[in-house]
Structures are given as structure tokens and as C-alpha cells.
Amino acid sequence: MHLFQALGTAALVFPLASALGEAASPIVMWHGMGDNCCDNSTMGEIARIIQKEIPGVYTHSVKVGSSDSDDRKAGFFGNLNIQIDQVCKELSEVEELKDRAVNMLGFSQGGLFLRALVQRCPLISVKKLVTFGSPHSGVARIPECAKDSDRICRFMRQLALRNVYSWYVRDHVIQAQYFKDPDNIEQYLERNVFLPYVNNEIADKREMVYKDRLRELEKLVLIKFEQDEMIYPASSAWFGFVDSYGNETRLYDSLMYIEDWIGLRSLDESNRLDFVTLPGKHMNIGEEKLREIVAKYFAADDDEDSADGFQKNVFGVSGPGQMRQHVFGKV
């Protein structure tokens, strides 16, 4: 799940001064599986591209652990509930983020983690969340490794495929904590320690605060890749999934949306939920499309008239339950 396919420090900062950068909200990023916070060719490149669009903006790349290597391993092994709490505390202590609302940019599983952070962390205020190819409804297959030589990833898959809901795997393998077996939803609800909780799928354990915090967002942007084969189903990036027969199910037909378990319907009915399609495979973003998305959602951060105009021009006028789509990189 490396960024760009063809293309953090804990804080990737470029101290260029500009009126635009000073006015723009800081941007917090979380990388995907197999990457780390500080790889100069991935998250470092992302930070540089953002700087081209918003000179001087502060960017912070989430780091779990004391080293880049630890952070990469934490993308495969650990407990997401503990990691989310840890990142919440650490972000609240970053001087450049104190007393400021932030924007968030999540890549692959990092987008799911940031969404959980929005729901669970009372110490930070978030304006907009943009996620690229993130498994918000989980995965029906354990993700493949980008490289056969990736021993950490191969070990993760061996454990997960052996018994994804065993006591050890469910508590220690990250990908098991957002795995959802469409053939055995009851076992998923009983044994998964993370995803059914942040999605408020367990009726007697729903946290209203998760819904309240998510619907406080000014904008939630869900980006799906047309040929995504890493995340199955790809529609999970839009809170879709598959049933036990392999048929895709839509967010709008789900009880999660109809009963508004986590605030998605509230966001949608107030035109604050955007569905975006990118051509190509998983994380095949490219600089041009990334800059376009950053410009649309982050650069005009405080220009409400500009943002409203963009919404009408790109998505047209649509009522609740009508998916507002925009395809970047297509005519």
C-alpha cells in the first residue's frame, strides 16, 4: 500500500512563510500498510506536494513507535485501540497543533485510522477529513503484500489467514482488526476488537459520541480507486461492502446509513459527504491529482463562498441519498 505506486518524519515541516500557509489549517497525515511516517519518497513527497499548493502550511505525519522501523511494523502488528489513544495524546502535545483545528489526509488503512481518531479523540478539533482507498467497512480478504520480499507483511498474512479471530491474532494483527467475513457476520461482531465498535455496529455498545464527533466535520471526502485490488471490496472506501454471495452492497441501503449510526446520513443530508473516484489501482494518485484535491479541500480552507461554489459546480444540485460524485483525471 505504498503511496503513488508510480511516484513520516513525525512532523514533515517546511518553514516557508506565506499568508496562505499561515491562514491554512495544519494537515495531519497517516500512511498506509507497508509505508512509514518518514519515508522521503512517499510521505516526504506528499508533504512537498502539499507545500507546492499551500506554501508554508504545517504538515504532521503520524508516527507510532520511537523509530521509522517501529512505525512500519506498527502498521502490521499492534492493537489499534491502543494506537489510536496513543496518537490522540501525542497530537495534543504537538505545539503547532495546539488551539488549532486541523485537516486530515489518510492513505489506505491510515484513512480508517484517522476516521477512528476523529470519533474517539476529544483532544483535537478536525475540520475536514480526506481518505484515499480506505477500508471504512473493512475488508473481506486480508490484503496482499505489495512485495513478495516483504517478510513482515508475509508473516502478518500467515497469522491472519491461519485464524483471523483467534485471541492472539485479533489483538495483535492490525489487518485482522478491520477484517469482516461476509459469511460470518455474527463472529465478526463477537470477536473483532476494533471495526464493529468504531462503526457502531453492535447495538448495545453504540457510542453516540462517535456519531456526534464525526458529524461535526465540515467535510468528509471518501476517495475510491476504480481498479483497486488491494482493498476488497473496493467499495469499502465508500462504506460499501459485499454480502455472503459476493454481491456489492451500497452505503445508502445499509442500516448504518438509514439509522445514522455514525453520522454519515447527517453529513450527507447537509452536503458535507463527498464521494470521489480516481482512475487506476490502489494508491495510484500522482502529483497532479493530489494537488487538485488539496487545492479543492484544503487550500480554500477559510473561503466558504469558494467552497460552496465548488460543491455546486462539481457535484450539481442533489438531495439526500443521491451520491455526489466527482471523477478526477477524467474528461
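Here, every reference points to the structure presented above.
All of these numbers come straight from a predicted model, not from anything done at the bench.

Draft legend 1. Structural detail: the packing of aromatic side chains. Summed over the entire model, instances satisfying the criterion amount to eight aromatic pairs. Between Phe 77 and Phe 155, the ring centres sit 5.7 Å apart and the planes meet at 45 degrees, which makes this aromatic pair tilted. Here Phe 155 lies in helix H6 (residues 151–162) and Phe 77 lies in the loop between helix H3 (68–74) and helix H4 (80–92), a separation of 78 residues in the sequence. Residue Phe 77 is classed as partly exposed on the basis of its relative accessible area, which comes to 25%. Taking the centre distance of 5.5 Å and the plane angle of 80 degrees together, the rings of Trp 238 and Phe 275 count as edge-to-face. Within this pair, whereas Trp 238 is found in the loop between strand E5 (219–225) and strand E6 (241–242), its partner Phe 275 is found in strand E8 (residues 273–278), the two being separated by 37 residues in sequence. For Trp 238, a relative accessible area of 8% gives the class buried.

Draft legend 2. Examining the layout of surface pockets more closely. Of the voids in this model, the largest pocket is the one considered here, and its volume is about 400 Å³. Lining the largest pocket are 19 residues, with Lys 180, Glu 201, Phe 241, Thr 249 and Ser 254 sitting closest to its centre. Those elements that provide at least two residues to the lining of the largest pocket are helix H8 (185–191), E6 and helix H11 (255–258).

Draft legend 3. Local environment of the pairing of strand E3 (residues 101–107). Extensive coverage of E3 is indicated by the burial of six of its seven residues. With four bridges joining them, strand E1 (residues 27–30) and E3 adopt parallel strand pairing. Looking at E3, one finds that Val 28 is bridged to Met 104. Where E3 lies against strand E4 (residues 125–132), seven bridges are found, and the strand directions are parallel. Bridging from a neighbouring strand, Asn 103 pairs with Lys 128 of E4.

Draft legend 4. Seen up close, the nonpolar core. Counting residues in hydrophobic clusters, the biggest one holds 63 residues, and the most contacted among them are Met 104 and Leu 117. Sort the elements by how many residues they give to this core and helix H5 (residues 109–120) lands first, with six residues. Ile 50, Val 57, Val 221 and Leu 278 belong to the second-largest nonpolar core, a separate cluster that totals 26 residues.

Draft legend 5. Quick look at the state of the cysteines. Inspection of every chain in the model, using the stated rule, returns three disulfides. The residue that forms a disulfide with Cys 37 is Cys 38, at a sulfur-sulfur distance of 2.2 Å. Residues Cys 37 and Cys 38 are joined through a disulfide that is left-handed, its torsion about the S-S bond being -70 degrees. For Cys 37, a relative accessible area of 0% corresponds to the buried category. Here Cys 88 is linked by a disulfide to Cys 121, with a sulfur-sulfur distance of 2.1 Å. In this structure, the disulfide formed by Cys 88 and Cys 121 twists by about 75 degrees around the S-S bond and is classed as right-handed.

Draft legend 6. Broad picture of the packing of helix H2 (residues 43–53) against helix H13 (residues 287–299). It is at 9 Å that the axes of H2 and H13 come closest, and there the two elements cross at 55 degrees. Our classification of the angle between H2 and H13 gives oblique. Our pair here, H2 against H13, has a crossing hand that is right-handed. Together, Ile 46, Ile 49, Ile 50, Lys 52 and Glu 53 of H2 and Glu 287, Leu 290, Arg 291, Val 294 and Ala 295 of H13 make up the contact between the two elements. Residues of the contact of H2 with H13, tallied by class, amount to six nonpolar, no polar and four charged.

Draft legend 7. Spatial organisation of the side chain of Ser 25. Along the polypeptide, Ser 25 turns up in the loop between helix H1 (19–23) and E1. A polar contact is formed between the side chain of Ser 25 and the side chain of Lys 127, at a distance of 3.4 Å.

Draft legend 8. Seen up close, the packing of H4 against H5. Where H4 meets H5, the axes come as close as 10 Å, and the angle between the chain directions of the two elements is 70 degrees. For the element pair H4 / H5, the angle class is roughly perpendicular. Crossing geometry of H4 relative to H5 is assigned as right-handed. Of H5, the residues touching H4 (which contributes Leu 80, Asn 81, Ile 84, Val 87, Cys 88 and Leu 91) are Phe 113, Ala 116, Leu 117 and Arg 120. Split into classes, the residues belonging to the contact of H4 with H5 amount to eight nonpolar, one polar and one charged.

Rules used throughout
- Residues numbered from 1 in each chain as written.
- Predicted model: local features only at pLDDT ≥ 70, side-chain atom pairs only at ≥ 80, totals over all residues.
- Heavy atoms only, no water.
- Phe/Tyr/Trp six-rings, centres within 6.5 Å; stacked < 30°, edge-to-face > 60°.
- Helix = DSSP H or I, 4+ residues; strand = E, 2+ residues; numbered from the N terminus.
- Buried < 20%, exposed > 50% of the residue type's maximum accessible area, 1.4 Å probe, protein only.
- 1 Å grid on protein atoms, 1.4 Å probe; cavity = no way out; pocket = protein on both sides within 12 Å on 5 of 7 lines; lining within 4 Å.
- Points joined across faces, edges and corners; volume = space filled by probe spheres on them.
- Pairing = 2+ DSSP bridges.
- Core = buried A, V, L, I, M, F, W, Y, C linked by side-chain atoms within 4.5 Å.
- Disulfide = S-S within 2.5 Å.
- Axes fitted to C-alpha atoms, helices over the stretch in contact; angles between N-to-C directions.
- Parallel < 35°, antiparallel > 145°, perpendicular 65-115°, else oblique.
- Left-handed = near helix turned anticlockwise from the far one by under 90°.
- Contact = heavy atoms within 4.5 Å.
- Nonpolar A, V, L, I, M, F, W, Y, C, P; charged D, E, K, R; others polar.
- Polar contact = N/O pair within 3.5 Å; in protein donor to acceptor, adjacent residues only side chain to side chain.

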